[in-house]
Amino acid sequence: MASIVKGQSGFAMTPHKVSICILLQVYAPSGQLSVPFPFDSISQHNRLALFLIALTKVHFLRYLNSLYHDDYPAALENLNRYFDYSAGMEGSDFVPPLSCINNGRYEIALLTLGMTHFHFGHPKLALKVLTEAVRVCQMHSDDTCLAYTLTAICNLLSEVGISNITGIMGASDSHVSTSLSVQQQLFVLLRRSLKRADSLKLKRLVASSHLALAKFDLKHVQRPLLSFGPKASVQLRTCPTNVCKKIRLSSQLIHQYDNESSVVTVDGALSTSWLKNQRKPTTTLVFPPESGPESNCDAFYSWLQSSSVPGSVLQLVGSSYLVSATSWELYGSASLAQSNALLFANCYADSSSSADLALAYGKLIQHLAVYKGYKEAFVALKIAEAKFLSVSKSGILPVKLQLLHERALHRGHLKLAQQICDELGVLASSVTGVDMEIKTEASLRQARTLLAANQFSEAASVAHSLFCKCYKFNMHVENATVLLLIAEIHKRSGNGVLGIPYALASLSFCESFNLYLLRGAATLTLAELWLLLGPRHAKRALNLIHSAFPIILGQGGLELQSRAHIAEAKCYLSDSSISVSEDPDIVLDSLRQACEGLEALEYHEMAAEAYYLMAIVLDKAGQMEQREEAAARFKQHITALENPIKPEDPLVNLL
């Protein structure tokens, strides 16, 4: 820009000269060939013309700034002004067809407008605009823009809960039957979007489509599209192998990014780099690096920084590691989930969006809370908060509220827990289908808060309403968790007979979606429900617990492992064929491990139960001194639970 404003001849651009030039260009006769009087040569006049063309980017920069500050009216106004001046001929990532050069590119404006509506939480309006963009692309034979528009529609349907789109999708693709369900239509669109991007040699779009298909396969069971005729037997389960293959295909983009057939213009680079500087964190590593030789990860990060790989490619490859981390969380491998999140945070932080970066930090913080306790988790939370200009606008705030709520429940601060639930619910949009993850999380925590207060009917009502909502929007993975919560409510209320069907239903969902760790938790709950029916079911419950031990002890968190150890101890104490007084260590070892984990979590209620059982076993074994010590710890936790010390309000400094 500096070379346009001031050349080698020392020509300086002033506001007065710009105004004179605009007036002359507007009012001067068309046959005038002389140079306007503020300029000494034709070259100076041409440089001013280039400068005026560059001024159109100001509207786009203002549009990006409005997006960042969540200013919907200003964003629409500046976006309309930008396309009024540029006609969609600037700032796009691909070369327009010859038919659009003279008439402008209305489809680009529609695509950007639709994505803007989607960003501000207006899914139906966004889908309507994107459907119109598809029609204009087909009318102008703009295949490249059509591929990007179909991908945007797929992303919208994947991220937003839409229960019925009949009559809308029929206009976007005549080959998609409106009799299919939303998920089946989305699957067809994803496959065709991938095929179209592959035929146009759009490598980045191909990688993005592979990633979208991996997300779809992660949470949806593929059912036959035909509703009549003979059908081959199908196994209604997700396929982790297909998910891993698609993630790998997406991450391989970094090796072939230079084969992209589309021509990238410099117009978008200015705006993109400006916006990234607004959101760039101060450092890239999650934890401060220790002094010492450069690690392999540091070497790889240095190579990424020094290489000529485009930022959009790095962002897409980094997103594949986040999807991989999410998949391993669902499949029950905490170590692999943590590894992928760490790799993303350390190597792709500078090229990623703030939403992806907050998601990675949130996964790492939650991992620390589940497996190490709240002390280390809140230390990491403070480090993560320092990396964002505004915590309230980032994805870190929901993670912080979840940690505060979990700790409040464990400490027995139910009023504070209810207040945090309300704060979490406010973060979600009021529009139906938008922010479904936050809405689901808020309802789950609302039910858990009511359960902790022994308000079983109210907790069951909230959980049942949440189940209906998840079923309506085809959130089957979330329904497995909701069913397990309903089983927990019946267990706490002492009604094991009613709780067993819900635990079995949750197990069925876990089997279909390969939710191995959640399946272990559901098996544990089922064992506790059987044990609730009487001592004669102790052996059956013990067999269930031992069948779940490999996944629980291998990948479960502190709370889940402690629950399993306590349930095992109860089975031994309930089984009349086992003499605890002769071999007390068979129970004490499990209880000691449970107490260690519960102390780290400050879970007073469950810790009191563990110490109570330990005191009973020690009394039977005749170890009076240790029994008194366990009884004292039991009393300490009961006192802390019944008379919680009022903490400082953690919500004061949230915003």
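What you see is a predicted model, and the numbers here were worked out from it, not measured in a lab.

Calculation rules
- Residues numbered from 1 in each chain as written.
- Predicted model: local features only at pLDDT ≥ 70, side-chain atom pairs only at ≥ 80, totals over all residues.
- Heavy atoms only, no water.
- Helix = DSSP H or I, 4+ residues; strand = E, 2+ residues; numbered from the N terminus.
- Buried < 20%, exposed > 50% of the residue type's maximum accessible area, 1.4 Å probe, protein only.
- Contact = heavy atoms within 4.5 Å.
- Areas by Shrake-Rupley, 256 points an atom, 1.4 Å probe, with all protein chains shown as cover.
- Phe/Tyr/Trp six-rings, centres within 6.5 Å; stacked < 30°, edge-to-face > 60°.
- Lys NZ or Arg CZ within 6 Å of the ring centre and 35° of its normal.
- Disulfide = S-S within 2.5 Å.
- Expected span 1.5 Å × (residues − 1).
- Axes fitted to C-alpha atoms, helices over the stretch in contact; angles between N-to-C directions.
- Parallel < 35°, antiparallel > 145°, perpendicular 65-115°, else oblique.
- Left-handed = near helix turned anticlockwise from the far one by under 90°.
- Nonpolar A, V, L, I, M, F, W, Y, C, P; charged D, E, K, R; others polar.
- Core = buried A, V, L, I, M, F, W, Y, C linked by side-chain atoms within 4.5 Å.

(A) Here's a closer look at the overall build of the protein. Scanning the protein from terminus to terminus reveals 30 helices and 0 strands. Sorting the 655 residues of the protein into buried and exposed places 48% on the buried side. Put simply, 66% of the contacts in the protein that link residues at least 6 apart link residues at least 24 apart. When the accessible surface of the protein is totalled, it reaches about 32,300 Å², and 55% of it is carbon and sulfur.

(B) Inspection of the packing of aromatic side chains at higher detail. All told, the structure shown has 10 aromatic pairs when counted by the stated rule. The ring of Trp530 is capped by Arg540, whose NZ or CZ atom sits 4.2 Å from the centre of that ring.

(C) A look at the environment of Ala384. Tracing the chain through its elements places Ala384 in helix α18 (residues 374-385). For the pair Ala384 and Ile365, spaced 19 residues apart in sequence, the C-alpha separation works out to 8.7 Å. Ignoring sequence-local partners within four residues, the contact set of Ala384 consists of Tyr361, Ile365 and Ile396.

(D) Expanded view of the side chain of His117. In this fold, His117 is placed in helix α6 (residues 106-119). Exposure remark for His117: the relative accessible area of 5% places this residue in the buried category. With sequence-adjacent residues up to four places away left out, His117 is seen in contact with Tyr72, Leu76, His122, Leu125, Ala126 and Val129.

(E) Highlighting the state of the cysteines. Enumeration according to the criterion identifies 0 disulfides in this entry. The thiol sulfur of Cys244 is not disulfide-bonded, and the nearest other cysteine sulfur, from Cys239, lies at 8.9 Å. A relative accessible area of 33% means that Cys244 is categorised as partly exposed. Counting only cysteine sulfurs, Cys470 is the nearest neighbor of Cys468, a cysteine outside any disulfide, at a range of 9.4 Å.

(F) Structural view of α6. With 14 residues, α6 should cover 20 Å at 1.5 Å per step; its first-to-last C-alpha distance of 20 Å lies within 8% of that length. Burial analysis of α6 places 10 of its 14 residues in the buried class, which makes it a mostly covered element. Taken together, the buried positions of α6 are occupied by Glu107, Ile108, Ala109, Leu110, Leu111, Thr112, Leu113, Gly114, Thr116 and His117. As for α6, its buried residues are in contact with α4 (56-68), α5 (72-86), α7 (123-140) and α8 (143-159). In the stretch just after α6, Gly121 is the one whose phi turns positive, near 80 degrees.

(G) Focus on the packing of helix α28 (residues 585-601) against helix α29 (residues 604-621). Orientation of α28 relative to α29, taken along the N-to-C sense of each, is 155 degrees, at an axis distance of 9 Å. Viewed along their axes, α28 and α29 adopt a mutual orientation that is roughly antiparallel. As for how α28 packs across α29, the hand of that crossing is left-handed. In this structure, α28 uses Val587, Leu588, Leu591, Arg592, Cys595, Leu598 and Glu599 to contact α29, whose residues at the interface are Met606, Ala607, Ala610, Tyr611, Leu613, Met614, Val617 and Leu618. A breakdown of the residues in the contact of α28 with α29 according to their chemical character gives 13 nonpolar, no polar and 2 charged.

(H) A look at the nonpolar core. Ranked by size, the top nonpolar core spans 105 residues in total, and within it Ile365, Leu515, Ile566 and Met614 carry the most contacts. A per-element tally of this core places helix α25 (residues 516-532) first, with 10 residues. Dropping the residues within four chain positions of it, Met614 is found in contact with Leu588, Leu591, Arg592, Cys595 and Ala630. Ranked by size, the runner-up nonpolar core spans 43 residues in total, among them Leu64, Cys154, Phe187 and Ala197.

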